[in-house]
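# Close look at the chain arrangement
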Amino acid sequence: MNEILLSILVFSPLLAVVVLAFTPSNQEQSLKWIGLFGTLLPLVLAIITFCQFDIGSSAIQLNEKINWISFTIAHTDSNVTMPIQYELGVNGLSLVLILLTSVVAVLAAIGSFTIKGQWKSYFIFFLLMEVGMLGVFASQNLFLFFIFFEMTLIPMFFLIGRWGYENKEKAAYSFLIYNGLGSAILLIVFVVLFMKTGTLNYGELANIFANGGSGLLDSVPGETFRLSILIALLLAFGVKLPIVPLHTWMLRVHVEAPPPVVMIHSGILLKIGAYGLITFGMGFFPAEFKRIAFSIAILGVVNLLYGAFIAIVQTDVKKVLAYSSVSHMGIVLIGLAALNDAGVQGAIFQVVSHGLISALLFFLVGVLYERTGTSYLKAYSGFVKTMPLASGVLVAAGLASLGLPGMSGFISELMSFLGLFQTKPIVAAVGTLGIILTAVYMLRAVMAITYGPLSAERGKLVDLNVREMVPAYVLLALIIAIGVYPDMLGMTIKSTLDSILSGFGG
Amino acid sequence: MELETIRSYDWGIMAPELIILGAATILSLADLLMPKKASRRYLAIFAFLGVACALVALFMQLDNGVISILADTYRFDSFSKAFKLLFLIGTGLILLLAFDDRKGERDEYRGEFYYLLLTALLGAMMMASSADMITLFVGLELLSLSSYIMAGLRKRDRQSNEAAFKYVVNGGISTAITLFGMSYIFGLTGETNLYAIQNALGDPTILQNQFLLVFAFLITFVGLSFKIATVPFQMWAPDVYHGAPIPVTAFLSVVSKAAGFVIMIRFLLVTFIAAPGVAEKPLLQEVQPYLAILAGASMIIGNLIALRQRNIKRMFAYSSIAQAGYILVPFAVISGLMFEAVWFYLLAYLFMNIGVFAIIQLVTAKSGSTDISSFAGLYRRSPWIAVCMTIFVLSLAGFPATAGFIGKFGIFMSALSTGAHYWLAGIMIATTVVSYFYYFNVIGQMFFRSEEEAGKVSIPGGVLTVTAVCVISTLVLGILPHTALEFFYNQFDLSQFFTPTK
């Protein structure tokens with residue numbers, strides 16, 4: 001079973017896709033429940049995978065390898081075979097992200113019960129996207145990574161374009177083109193790597209770039225070559241993360257897509273950018289990453305401050321949260337640029353923590369939107385009186401987002417900045433301004449919604465029902481658990497972290 | 001020629017061509033002798049059977065080595081069998097499409113279409129398996145002349161007439177240019193056999209005329225670019241694709257285009273492989289920048305103009321110009337991956353493009369208009385057709401899990417394997433992203449718009465078969481591409497291509 005556990009996990013959502021395809025499209029309730037069960041299966045399998053995983057070892061575990069495609073290049077003297085394998089495997093980092101994906105997917109599926117109409121195709125796209133996300137994190141081969149990466153693109157395009165709000169199509173096209181450009185750069189990079197080295201396996205590539213000479217290659221590729229590849233990677237994943245100024249598409253998506261889709265998008269899809277930077281950027285080119293670390297730190301601070309400043313003046317709560325995501329992704333860059341244990345660990349913590357917090361916040365936005373039909377801050381006031389539970393969770397989520405001690409946001413921000421203060425104190429000092437700004441915009445938004453007079457015409461709003469409590473409480477519990485006992489996460493990623501940092505010389 | 005030598009030839013090796021020739025002859029006689037009112041529709045089945053028999057005959061010959069008869073004017077080698085396979089599959093699918101094409105319901109010219117399609121196929125097959133300039137050219141003309149008539153088959157339709165006229169005029173000019181280039185080659189070498197030319201061009205005495213040689217290469221290439229509809233001979237494609245009946249459009253954009261690549265590779269590569277260039281480099285390396293510019297221009301022009309098209313047939317005409325530009329990339333950069341990259345992409349392109357035209361035929365026949373809005377709300381009306389169309393379009397756009405992605409991956413590999421053709425690969429990937437706009441516009445129409453027409457699109461048997469075959473092939477080639485690649489590697493031997501028989 002262990003030999004194919006990861007394949008089963010990655011493709012398990014397809015089971016529900018098949019069932020959905022044969023369910024009549026007017027059976028609203030059964031479609032929704034099948035969709036939900038479709039996401040529970042990968043969650044169970046992800047937990048089994050976690051149990052099978054040996055935390056102490058830094059090796060890639062649960063490997064699977066099947067020969068897939070091989071191209072033959074004809075040369076005058078002899079033919080060279082270029083094989084591409086189907087390779088899966090996990091390390092601590094990818095396992096954590098797989099768990100995050102499967103948890104957020106279940107909760108977003110619960111959130112999707114409010115979707116109006118065409119449930120059948122909605123859940124088919126939703127589950128196909130989950131296959132893509134799980135596959136991205138479980139791949140150990142760049143070719144496979146790219147296929148899964150693109151597999152998240154198409155369903156997302158449909159989910160935004162069909163079930164979104166007013167300007168949904170514009171948002172869908174904007175998503176497609178920006179991400180298409182990112183993928184385009186990525187594809188060129190992968191093909192260049194393939195043609196230079198003759199392999200697309202992560203481990204082999206990292207080994208070739210560290211020690212040189214194997215396969216087609218008799219020497220380590222030149223400095224310029226490595227640096228340009230790294231910058232291309234930064235650009236490609238910078239679209240996904242997003243790094244300012246490549247972020248405009250992401251704002252549109254946050255505003256126009258339906259809330260459960262934004263939960264997935266903000267919670268998982270943005271993290272693929274961070275995952276790619278860590279696994280490929282830092283994993284393959286540690287020396288070059290060190291060279292551009294200062295620029296990355298600057299980009300991170302720009303992201304952090306730009307997002308925070310603009311979030312302060314937004315009138316739409318979805319936009320506040322969108323800019324807040326931009327701002328928080330800056331912290332990931334800051335942590336990575338620190339290049340030390342605390343910084344990189346902080347960045348990874350931030351990836352997970354923001355995944356949970358933004359999923360929770362967007363879930364609550366969905367709850368509010370469903371009841372009020374608007375997401376403008378001025379339309380909200382005094383909800384604590386009629387919706388005490390929802391308001392309470394909202395305040396907690398807002399506090400987690402601004403980094404209150406005891407919650408996951410605090411530990412990640414603290415470690416990222418601790419790391420950066422060690423290596424680049426001045427940049428870090430500028431960056432800390434962002435933390436203050438985060439408090440300003442987050443409290444402004446949360447206070448506007450919860451406190452103040454309750455407008456009379458709004459009438460009575462129904463508080464969270466049982467179906468809505470599950471995602472809200474589960475996410476909040478995870479956020480607090482990581483905040484109180486960060487080692488829970490730290491232990492899992494420790495060995496991966498060590499092997500990444502060993503590339504930088506300790 | 002002695003009777004003895006003629007009898008000593010292994011005529012059996014020509015079986016696929018002879019079957020097609022026989023079928024075409026019988027069809028033309030049957031069409032002539034049948035009563036005027038009788039439906040010609042079922043002649044399609046006979047034509048299809050002919051193609052199927054030829055395919056079987058070809059499969060039975062797969063294990064043969066190089067066989068050359070009639071003084072190399074007919075040559076059976078791995079190149080010819082690999083590409084003849086594409087022509088036969090493509091034509092077979094198009095015949096099924098034509099069987100259900102009932103637009104206009106005028107049966108009187110149907111018979112002509114079937115045997116002209118077969119003669120065009122015969123021309124294409126001769127182009128694939130000929131190693132002599134004369135027979136190559138005769139094959140090219142047989143294909144062209146049959147296509148001219150097919151484009152104008154709807155005699156009372158103004159657009160069809162316009163298409164045929166433009167096609168004839170442009171085709172005539174391009175043929176003249178091709179012949180002009182060939183005449184230089186003949187003049188410099190005095191040979192018509194490709195391998196004899198190859199030998200003569202490798203001779204050091206040719207160095208006195210190197211400029212003429214480069215000129216001859218480029219002129220011939222430009223002339224042949226008409227068949228594949230790339231810059232500078234691309235402008236006929238939108239009008240002809242627009243005006244011609246849909247099965248003809250599918251034939252022109254798939255089989256005829258593949259045949260164009262075949263003659264280009266066969267003729268130009270075999271003859272010029274050893275030719276010296278103006279400077280120290282061999283000629284094929286020297287002309288690379290020019291070919292790359294033409295390929296890049298095709299991708300840019302095709303993809304950019306497609307953005308503005310409202311007519312679905314014109315849009316896919318420009319798309320096919322861009323696709324031809326992609327396929328030209330491996331030829332322009334000439335690497336060890338060229339043959340499999342071109343062959344695999346043509347195979348993928350065959351299925352996805354015929355699939356697209358099958359669905360266009362279905363949908364436009366229902367709505368009576370070829371405007372893109374005929375696709376509005378197709379998902380609500382006929383979800384399966386919309387899903388199939390989405391798969392084809394995604395494959396054309398080069399998304400993973402479809403054949404088009406593997407094809408593009410192969411092209412990128414060949415572009416980046418020898419030397420730094422980064423800018424050509426860059427243009428290709430950038431224009432691919434541009435192409436998302438119009439490809440996804442079709443998807444947007446089907447899924448996001450509400451329907452203007454009511455009612456389900458019914459799907460007749462022939463089109464259903466074509467769509468099913470194309471969808472399955474597109475997905476299988478995308479997910480398990482080694483099925484086709486292994487077949488190719490087993491069958492294809494590069495040394496057979498460049499060396500003469502004896």
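Shown above is the structure to which this text applies.
Okay, so let's go over this structure. Every chain is numbered independently, its residues counted from 1 as its sequence is written. The lettering of chains begins at A and the numbering of ligands begins at 1, in the order of writing. Only residues with pLDDT of 70 or above have their local features reported here, since the model is predicted, and side-chain atom pairs are shown and tallied only from 80 upward, although totals for entire chains, interfaces and linings are computed over all residues. Values shown for side chains rest on all heavy atoms present in the structure; no hydrogens or waters enter the calculation.

A separate point is the layout of surface pockets. Its volume calculated, the largest pocket comes out at about 1,600 Å³. Two kinds of site are reported from a 1 Å grid over the protein atoms alone, namely cavities, where a 1.4 Å probe fits but cannot get out, and pockets, open sets with protein on both sides within 12 Å along at least five of seven lines, and residues are called lining when an atom falls within 4 Å of a point. Lining the largest pocket are 46 residues; nearest its centre among them are V17(A), I124(A), L128(A), V387(B) and I391(B). Secondary structure elements are defined from DSSP: runs of H or I of at least 4 residues count as helices, runs of E of at least 2 residues count as strands, and each element is numbered from the N terminus. Among the elements of the structure, α2 (13–21), β1 (61–74), α5 (119–138), α6 (142–151) and α7 (153–163) of chain A together with α16 (378–381), α17 (383–397) and α20 (461–479) of chain B are those that each provide at least two residues to the lining of the largest pocket. If you tally residues by element for the lining of the largest pocket, the top one is α5(A), at 7 residues. Nonpolar residues are Ala, Val, Leu, Ile, Met, Phe, Trp, Tyr, Cys and Pro. Charged residues are Asp, Glu, Lys and Arg, and all others, Gly as well, are polar. Split by residue class, the lining of the largest pocket holds 34 nonpolar, 8 polar and 4 charged. Grid points are joined across faces, edges and corners, and a volume is the space filled by probe spheres set on the points.

Residue and element names in this part refer to chain A. Geometry is summarised by axes, namely lines fitted to C-alpha atoms with helices restricted to the contacting stretch, and by angles between N-to-C directions that run from 0 to 180 degrees. Two elements in contact, helix α16 (residues 341–372) and helix α18 (residues 388–402), have axes whose closest approach is 10 Å; the angle formed by their N-to-C orientations is 145°. In the packing of α16 onto α18, the handedness of the crossing is left-handed. Together, I357, L360, L361 and L364 of α16 and A390, V393, L394, A397, G398, A400 and S401 of α18 make up the contact between the two elements. Across the contact of α16 with α18, the residue classes break down as 9 nonpolar, 2 polar and no charged. It is the rotation of the near helix from the far one that decides the hand of a crossing: anticlockwise by less than a right angle makes it left-handed, clockwise makes it right-handed. Two residues form a contact once any of their heavy atoms are found within 4.5 Å.

On to the nonpolar core, then. Definition used in this section: a nonpolar core is a set of buried Ala, Val, Leu, Ile, Met, Phe, Trp, Tyr and Cys residues joined via side-chain atoms within 4.5 Å. Buried, partly exposed and exposed residues are distinguished by accessible area as a fraction of the type maximum, computed with a 1.4 Å probe on protein chains only: under 20%, between the cut-offs, and over 50%, respectively. F145(A), F316(B) and F409(B) are the most contacted members of the largest nonpolar core, which has 400 residues in total. At 22 residues, the largest contribution of residues to this core is made by helix α15 (residues 338–367) of chain B. Leaving out residues up to four positions away in the same chain, F409(B) has contacts with F71(A), I84(A), F143(A), L187(A), V191(A), F194(A) and L200(A).

All names here are of chain A. By the burial criterion, the buried members of α2 are P13, A16, V17 and L20. Projected down its long axis, α2 shows its buried positions confined to an angular sector of 110°, all on one face. Tucked inside the fold, the buried residues of α2 contact α1 (5–11), α3 (28–52) and α5. What the arc covers is the set of directions going from the helix axis to the C-beta atoms.

Another aspect to go through is the pattern of salt bridges. When a carboxyl oxygen of Asp or Glu is within 4 Å of a side-chain nitrogen of Lys or Arg, the pair counts as a salt bridge. This structure, assessed with the given rule, holds 17 salt bridges over all chains. For E288(A), the salt bridge identified is with R226(A), shortest N-O distance 3.5 Å. With a gap of 62 residues between them, E288(A) in helix α13 (residues 286–291) and R226(A) in helix α10 (residues 223–240) connect regions that are remote in the sequence. Residue class for E288(A) comes out buried when judged on its relative accessible area of 1%. Judged by relative accessible area, R226(A) falls into the buried class, the value being 9%. Close ionic contact of R310(B) with D371(B) constitutes a salt bridge, the shortest N to O distance being 3.4 Å. Within this pair, whereas R310(B) is found in the loop between α13 (288–306) and α14 (312–333), its partner D371(B) is found in the loop between α15 and α16, the two being separated by 61 residues in sequence. For R310(B), a relative accessible area of 43% corresponds to the partly exposed category. The network of salt bridges with common partners includes E370(A), R371(A), R467(A) and E468(A).

Moving on, we come to a nonpolar patch on the surface. Like-charged residues within 9 Å of one another, or nonpolar side chains (Val, Leu, Ile, Met, Phe, Trp, Tyr) within 5 Å, are grouped into patches, provided each residue has over 30% relative accessible area and no salt bridge. Computed with a 1.4 Å probe, the accessible areas rest on the Shrake-Rupley method; for each residue, only the protein chains presented here act as cover. Taken together, I426(A), V430(A), L433(A), I436(A) and V440(A) make up a surface patch of nonpolar side chains, about 470 Å² in accessible area. Residue L433(A) is classed as partly exposed on the basis of its relative accessible area of 46%.

This paragraph deals with the interface of chain B and chain A. At the junction of the two partners, chain B supplies 36 residues and chain A supplies 36 residues. When two components associate, each loses some accessible surface as probed by a 1.4 Å sphere; the sum of these losses over both components is called the buried area. The largest contributions to the chain B side of the interface with chain A come from F409(B), M413(B) and F448(B), which together make up 19% of the buried area. A salt bridge links R449(B) to E169(A), with the nearest nitrogen and oxygen atoms 2.7 Å apart. Two N or O atoms form a polar contact when they lie within 3.5 Å of each other; inside protein one atom must be a possible hydrogen donor and the other a possible acceptor, and for residues adjacent in sequence the pair counts only when both atoms belong to side chains. Viewed at the interface, chain A and chain B are joined by 7 residue pairs in polar contact (both at pLDDT 80 or more). Here the side of chain B that touches chain A gets 12 residues from one element, more than from any other, and that element is helix α19 (residues 422–448) of chain B. When grouped by side-chain class, the residues that make up the side of chain B that touches chain A number 26 nonpolar, 7 polar and 3 charged.

In this section: the packing of aromatic side chains. Classification of ring pairs rests on two measures: the distance between centres of Phe, Tyr or Trp rings, Trp counted by its six-membered ring, which must be within 6.5 Å, and the angle between planes, read as stacked under 30 degrees, edge-to-face over 60 and tilted in between. This model, assessed by the stated rule, comprises 71 aromatic pairs over all chains. Considering the side-chain rings of F180(B) and Y184(B), the 5.2 Å spacing of their centres and the 75° angle between planes classify their relative orientation as edge-to-face. With a gap of 4 residues between them, F180(B) and Y184(B) both fall in helix α7 (residues 158–189), about one helical turn apart. Residue classification places F180(B) among the partly exposed residues on the basis of a relative accessible area of 43%. Owing to a relative accessible area of 24%, Y184(B) belongs among the partly exposed residues under this scheme. Consider the ring centre and the ring normal. A charge sits over the ring if Lys NZ or Arg CZ is within 6 Å of that centre and within 35 degrees of that normal. Directly above the aromatic system of F149(A) lies the positively charged group of K240(A), at a separation of 5.1 Å from the ring centroid.

Interpretation note: all reported values are geometric properties and have no functional meaning in isolation.
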